[in-house]
Amino acid sequence: MWFKKFFTGYKEEYKSLLRLGAPVLVAQIGIIVVSFADTMMVGDYGTRELAAAAFVNNFFMVPVVMLIGFASGVTPLVGALFGRKDNFGTGRMLRASLCVNIVMALLMTIIMGVLFFFVDRLGQPAELMPLVRPYYLLVLAGIVPMALYNCCQQTASGVTDTALPMWVMLGANVLNIFGNWLLIYGHWGCPELGLTGAGISTLVSRTLAAAVIMRIVCFGRRYSVYHEGLRTSGKLLSLMRKVWVTSYPIMVQNGVECFLWAFGAVVSGWFGTIQLASYQVVNTMAQLGFMTFISFGVATSIRVANYMGTGDFTGIRRISVAGLRLNLVLGTLASLIFIFGGRHIICLFTPNEEVVSAAVLLIVPLVLYQYGDAVQLTYSNALRGTSHVQPLLWISTLSYVVIGVPLLLLFAKGFGWRNVGVYYSFPIALFSAAVFLYLSFKRTVARAEREIAPQTTEMQ
């Protein structure tokens, strides 16, 4: 009975979400595979390398995810233009977005470059520093290429072409795994570089992915209808300002949210290499849920933006419900995988029994936060689709900083639960964000509907 009710009245919305979300999901699965492969290969090479990778990757999580969020601000803008069939405006928006995203990427590179000189003062094991420093610089060098890829990816998604980023990302992922195999272990006459080899492989694959997608979006025949606007350079400041106003709240929200996870890595490192390594293993597993949720969150954002362009508020509400239902189903599937196969998955990443035993203790809080993550990702993306993204600032700050950080420190240090305490703070922060985002989305849609109603009446 519940199964029939699940589909009644939402069949077309599920179809549109699956059509848009499936390519994103395939690309995200590719990212998960690469992340799993990276962690497995580095973990197999050595526990110190695994811990060093955990520290650097989590330290860079904040700027990387902030830049992803900043680029995603263009999706609702392009989506609304696409809904109105404004090809010239879409090209102009892409040009403005590229300019703003390059500036932000350079700024993040400078900030993280300065922080490089202070990584040895963050309380991490001294034995990791010789591994951390070269890997840090390689990840730093990939920030600008990654930002260029993100901008073109979000533009493609805004015009409902989610397949292009999927194929580019899959190709980059295959290259990354092959490069890891060559350079971590020194196969086929290549030098055995360990963690540094993994960093080189990631940098090369990110740079090529950016070059390929830019070539297609900016010069390819498929996107030729947008090229006139893209090549028109005059009077971009107002559009750049519009991109900034829409993008920076998403950037801040992403950054604040990921700060909690990055801070969790730092705190886990206070308790030693084993605690940090096990934290990295479970964080990699957590991507199984997160990456699938975000796939249909992105699809929801695109459809909300399209409906906003045509003023269809009934469609906005229906697509958000459909997106939530799909993500809750995915959250249940991810939880079942973690419950019944968690230990087996952990053993794939490392042969170290101490790391395995510490990681197994994190499975229960990992399962708990799947549902909060599913809801908050659905409604944060739905809110992004409306382009009214200011509430993301206070919601993220309240949920992840005001609530999340004190609880993390209380559980980890105050209660002495170490990285288990870190992980138990996550579901509380995520459920808080989910409630606030749901209420904010409802208010935003209702307000937009009230504002557009008088305009519709006047036109009639």
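Rules of the game
Residues numbered from 1 in each chain as written. Predicted model: local features only at pLDDT ≥ 70, side-chain atom pairs only at ≥ 80, totals over all residues. Heavy atoms only, no water. Axes fitted to C-alpha atoms, helices over the stretch in contact; angles between N-to-C directions. Helix = DSSP H or I, 4+ residues; strand = E, 2+ residues; numbered from the N terminus. Parallel < 35°, antiparallel > 145°, perpendicular 65-115°, else oblique. Left-handed = near helix turned anticlockwise from the far one by under 90°. Nonpolar A, V, L, I, M, F, W, Y, C, P; charged D, E, K, R; others polar. Buried < 20%, exposed > 50% of the residue type's maximum accessible area, 1.4 Å probe, protein only. Core = buried A, V, L, I, M, F, W, Y, C linked by side-chain atoms within 4.5 Å. Contact = heavy atoms within 4.5 Å. Patch = residues over 30% accessible without salt bridge, like charges linked within 9 Å, V, L, I, M, F, W, Y side chains within 5 Å. Areas by Shrake-Rupley, 256 points an atom, 1.4 Å probe, with all protein chains shown as cover. Salt bridge = Lys/Arg side-chain N within 4 Å of Asp/Glu carboxyl O. 1 Å grid on protein atoms, 1.4 Å probe; cavity = no way out; pocket = protein on both sides within 12 Å on 5 of 7 lines; lining within 4 Å. Points joined across faces, edges and corners; volume = space filled by probe spheres on them. Expected span 1.5 Å × (residues − 1). Bend = angle between axes of the 7 residues up to and from the residue.

Peer 1: Whenever I open this one, the packing of helix α8 (residues 163-185) against helix α9 (residues 195-219) confuses me. Can you help?
Peer 2: Geometry of a packed helix pair, given as the angle between the helix axes and the separation of the axes. Taken N-terminus to C-terminus, the directions of α8 and α9 make an angle of 155°; their axes are 8 Å apart at the nearest point. What the angle tells us is that α8 and α9 run roughly antiparallel. Along this stretch, α8 crosses α9, giving a crossing that reads as right-handed. Looking at side-chain class alone, the contact of α8 with α9 contains 16 nonpolar, seven polar and no charged residues.

Peer 1: Teacher, can you tell me more about the environment of K11 here?
Peer 2: Mapping K11 onto the fold places it in helix α2 (residues 11-45). According to the relative accessible area criterion, K11 is exposed, its value standing at 54%. Each C-alpha atom of the pair K11 and A322 lies 8.9 Å from the other, and the pair is 311 residues apart in sequence.

Peer 1: Teacher, can you tell me more about the nonpolar core here?
Peer 2: In summary, soluble globular proteins display a tendency toward joint burial of nonpolar side chains. Judged by nonpolar contacts, the single largest core of 141 residues is most densely connected at F60, Y423 and F426. Per element, the largest residue contribution to this core is 15 residues, and it comes from helix α12 (residues 273-310). Those residues in contact with F426 that sit more than four places away from it in its chain are L260, W261, Y279, Y369 and L408.

Peer 1: Honestly, a nonpolar patch on the surface in this entry has me stumped. Any pointers?
Peer 2: Where nonpolar side chains cluster on the molecular surface, the patch consists of L107, I110, I111, V114, L115, F117 and F118 and spans about 650 Å² of accessible area. Checked against the element boundaries, F117 lands in the loop between α5 (87-115) and α6 (129-141). Given the relative accessible area of 60%, F117 is considered exposed.

Peer 1: How do you make sense of the layout of surface pockets when you look at a structure like this?
Peer 2: Taking a probe equal in size to a water molecule and rolling it over the atoms shows the remaining empty space. Taken as a whole, the largest pocket holds about 370 Å³ of empty space. A80, R84, M308, T386 and S387 are the residues nearest the centre of the largest pocket, which is lined by 21 residues in total. Its residues assigned to classes, the lining of the largest pocket shows eleven nonpolar, seven polar and three charged. Taken together, 13 residues make up the lining of the second largest pocket; nearest its centre are F59, V62, L115, F259 and A262. Breaking the lining of the second largest pocket down by element, the ones donating at least two residues are α3 (47-72), α5 and α11 (237-270). Residue contributions to the lining of the second largest pocket peak at five residues, all from α11.

Peer 1: Explanation requested: α3 in the structure shown.
Peer 2: Note that an α-helix has 3.6 residues per turn; residues three or four places apart therefore point the same way. End to end, α3 covers 35 Å across 26 residues, agreeing with the expected 38 Å (1.5 Å per residue, within 8%). Its axis deflected by about 40° at M61, α3 carries its strongest bend there, up to four residues before the proline P63. Within α3, 21 of the 26 residues are buried, leaving the element largely enclosed by the surrounding structure.

Peer 1: So what exactly am I meant to see when it comes to the side chain of N283 here?
Peer 2: Relative to the helices and strands, N283 resides in helix α12. Classification of N283 by relative accessible area gives buried; the value is 9%. Sequence-distant contacts of N283, defined by excluding residues within four places in its chain, comprise N58, M61, W261 and Y423.

Peer 1: Got a minute to help me understand empty space enclosed by the protein in this structure?
Peer 2: Applying the stated criterion across every chain yields a total of two cavities of 30 Å³ or more. Its boundaries defined by the atoms lining it, the second largest cavity holds a volume of some 40 Å³. Along its surface, the second largest cavity is lined by T90, G91, L94, T155, V217, Y223, Y226, H227 and L230. Those elements that place two or more of their residues in the lining of the second largest cavity are α5 and α10 (227-230). Here the lining of the second largest cavity takes three residues from α5, the largest share from any one element. Grouping the amino acids of the lining of the second largest cavity by side-chain chemistry returns five nonpolar, four polar and no charged.

Peer 1: I tried to follow the environment of F259 on my own but got confused; where do I start?
Peer 2: By the secondary structure assignment, F259 is in helix α11. Among the residues examined, F259 registers a relative accessible area of 36% and is labelled partly exposed. Sequence separation of F259 and M66 is 193 residues, and the distance between their C-alpha atoms is 9.8 Å. Those residues in contact with F259, other than ones at most four positions away along the chain, are V62 and V405.

Peer 1: Quick question: what am I supposed to make of the pattern of salt bridges here?
Peer 2: Pairs can form between side chains of opposite charge whenever their charged atoms are close. Evaluated as defined, the whole model comprises four salt bridges. Close ionic contact of D161 with R222 constitutes a salt bridge, the shortest N to O distance being 3.0 Å. One end of the pair, D161, is in the loop between α7 (143-158) and α8; the other, R222, is in the loop between α9 and α10, and 61 residues separate them in sequence. Exposure remark for D161: the relative accessible area of 14% places this residue in the buried category. The salt bridge partner of E449 is R317, with a shortest N-O separation of 2.7 Å. Of this pair, E449 sits in helix α17 (residues 419-459) while R317 sits in helix α13 (residues 313-349); the two residues are 132 residues apart in sequence, bridging distant segments of the chain. By relative accessible area, R317 is classed as partly exposed at 34%.

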